[in-house]
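Inside the fold
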Amino acid sequence: MKGDPLFFLAPMDDVTDTVFRRIVADCAAPDYTMTEFVNVDGLCSPGRDRLIRKLDNTQDEVPVVAQIWGKKPENFKTIAREIADGTIPGFSAIDINFGCPAKSEVKAGCCSALQQLELRPEAAAMIEATLEGAGNMPVSFKTRLGFDKIDYSWHEFLLGYKPWVLTVHVRTTKEMSKVPAHWEAIQPILELRDKISPQTKIIMNGDIANRKHGEEIIEKYGVDGVMIGRGIFHDPYAFAEVGPQKESPWVSVDRDARIEHFRRHVELHIKQWPNNMKPFNPLKKFAKVYISDFPGAAELRAKVMEIETADEALDLINNL
Ligand SMILES: Cc1cc2nc3c(=O)[nH]c(=O)nc-3n(C[C@H](O)[C@H](O)[C@H](O)COP(=O)(O)O)c2cc1C
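Residues numbered from 1 in each chain as written. Predicted model: local features only at pLDDT ≥ 70, side-chain atom pairs only at ≥ 80, totals over all residues.

**A look at the overall build of the protein**
When helices and strands are counted, the protein shows 14 helices and 9 strands. Computed over the C-alpha atoms, the radius of gyration of the protein is 20 Å, within 12% of the 20 Å expected from 2.2 N^0.38 for a compact globule of 320 residues. In terms of overall dimensions, the protein has C-alpha extents of about 60 × 50 × 35 Å along its principal axes. The buried share among the 320 residues of the protein stands at 44%. Across the protein, the fraction of contacts at a sequence separation of at least 24, relative to all contacts at a separation of at least 6, is 69%. (Helix = DSSP H or I, 4+ residues; strand = E, 2+ residues; numbered from the N terminus. Rg over C-alpha atoms; globule rule 2.2 N^0.38 Å. Buried ≥ 20, exposed ≤ 12 C-beta atoms within 10 Å, placed from the backbone. Contact = placed C-beta atoms within 7 Å.)

So, in structure tokens, the structure goes:
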């Protein structure tokens, strides 16, 4: 596995599929990327064929970690084993999602709900099943600071499993993403790590814009790396290494080259998900990334927002 400091692209549902991970890898590669979160219970059901495509990946990406969530420990074990033995191929590690605050997941007692003390036995069963299935493959956890308040007993519990990586989105579930990230709250977790599992890498997540900002966070807070999510929407080159005086390469990408980035994304999307297998709608988020900061961008973006399929988007670009 790679050494410090580590730069991760955050898992983002409907965003960080194999297509976007390839685009980010081409612009400026992080050390690791993560899949969107994938439900192990669904993967062990008749819905598997559709769902498993979330775990598609190619050799053109940087190392990728499969992120899983669910309810039934036996399904965590089955899927972890399939990822580790290559039945589901291409992964460097497995991550368990203990951070998603979405109502449906929390109501089901999954993801970030598991931070609550009363659900700790369930979290333990999921982790133990995953570790058993994963064998020698590294396992990591992605979580928050706590459920309705900061609760370091949760991180102490997780570190007891000596994970490869512990990523902390430094907000509670209750805070969603509505308050600024509490970077300073990482300190006690670093101290727990030193005591319980010195080999675990602690990764800071929340409101980190780009590599340069990440380097400042690493320096100031003493973490082993950072994970960047929404920063990539402002700059596809967020992971580019830039000197102290220099700006991201994205700043000098002109209109035609920006449109070319969008075209490549749409083309890869059509190739990966033919016959509208995956809706075009989530791609509109990327239109804001690529079609920005040039004369006429707002008008062109408005046209993209009205489009319903990737093929129509390609026609629009080709007719510009
Ligand atoms: C659209 C979107 C989808 C997300 N999906 C996931 C997910 O599937 N798994 C996960 O662990 N976190 C998910 N997150 C949370 C991010 O990984 C990250 O923790 C959060 O955005 C904070 O980091 P940032 O400020 O760098 O964006 C998602 C966030 C967004 C904005």
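Moving on from the model shown.
**Comments concerning the domain arrangement of the protein**
When its domains are assigned, the protein resolves into domain 1 (6–245) and domain 2 (253–318). Put simply, the middle of domain 1 and the middle of domain 2, counted by C-alpha atoms, are 28 Å apart. Between domain 1 and domain 2, the contact holds 9 residues from the first and 10 residues from the second. When residues in the side of domain 1 that touches domain 2 are grouped by element, the largest group, 4 residues, is from helix 1 (residues 18–27). (Domains from an automatic or database assignment.)

**Quick look at the environment of Asn-75**
Mapped onto the fold, Asn-75 is located in helix 4 (residues 73–85). Aside from chain neighbours lying at most four places away, what touches Asn-75 is Val-40, Asp-41, Cys-44 and Gly-70.

**Some details on the nonpolar core**
Core analysis: the largest hydrophobic core is formed by 69 residues, its most contacted members being Phe-8, Ile-68, Ile-94, Ile-203, Met-204 and Val-226. Those residues in contact with Ile-203 that sit more than four places away from it in its chain are Leu-6, Phe-8, Val-165, Thr-167, Val-223, Asp-224, Gly-225, Val-226 and Met-227. One finds Val-266, Leu-283, Phe-286 and Tyr-290 within the second-largest nonpolar core, a separate group that totals 12 residues. (Core = buried A, V, L, I, M, F, W, Y, C linked by C-beta atoms within 7 Å.)

**A closer look at unusual backbone geometry**
A cis amide bond links Asp-4 with the next residue in sequence, Pro-5, at an omega value of -15 degrees. With respect to the element layout, Pro-5 can be found in the segment before strand 1 (6–9). Its identity is not glycine, yet Lys-162 carries a phi of approximately 50 degrees, on the positive side. On the secondary structure map, Lys-162 appears in the loop between helix 7 (152–159) and strand 7 (165–169). Look at Lys-162 and you get partly exposed, because 14 C-beta atoms sit within 10 Å.

**Points about the site of the ligand**
Surveying the vicinity of the ligand reveals 21 residues, the closest of which are Ala-10, Met-12, Phe-37, Gly-229 and Arg-230. Classifying every residue of the shell around the ligand by side-chain character gives 8 nonpolar, 8 polar and 5 charged. (Near = placed C-beta within 6 Å. Nonpolar A, V, L, I, M, F, W, Y, C, P; charged D, E, K, R; others polar.)

**Quick word on helix 7**
Among all positions of helix 7, only Trp-154, His-155, Leu-158 and Leu-159 are buried. Each buried residue of helix 7 sits inside an arc of 130 degrees when the element is viewed along its axis, so together they form one side. Where the residues of helix 7 are buried, they touch strand 6 (139–144), strand 7 and helix 8 (187–196). (Arc of directions from axis to C-beta.)

**Description of the pairing of strand 8 (residues 201–205)**
Within a regular beta strand, the side chains point alternately toward one face of the sheet and then the other, so they alternate between its two faces. Extensive coverage of strand 8 is indicated by the burial of 5 of its 5 residues. Along strand 8, one buried face is formed by Lys-201, Ile-203 and Asn-205 and the opposite face, lined by Ile-202 and Met-204, is buried too. Where strand 7 meets strand 8, 5 bridges bridge the pair, whose relative direction is parallel. Bridge pairing in strand 8 places Thr-167 opposite Ile-203. A crossover links strand 7 with its parallel partner strand 8, the connecting element being helix 8, and its sense is right-handed. (Pairing = 2+ DSSP bridges. Right-handed = clockwise from strand over helix to strand, strands pointing away.)

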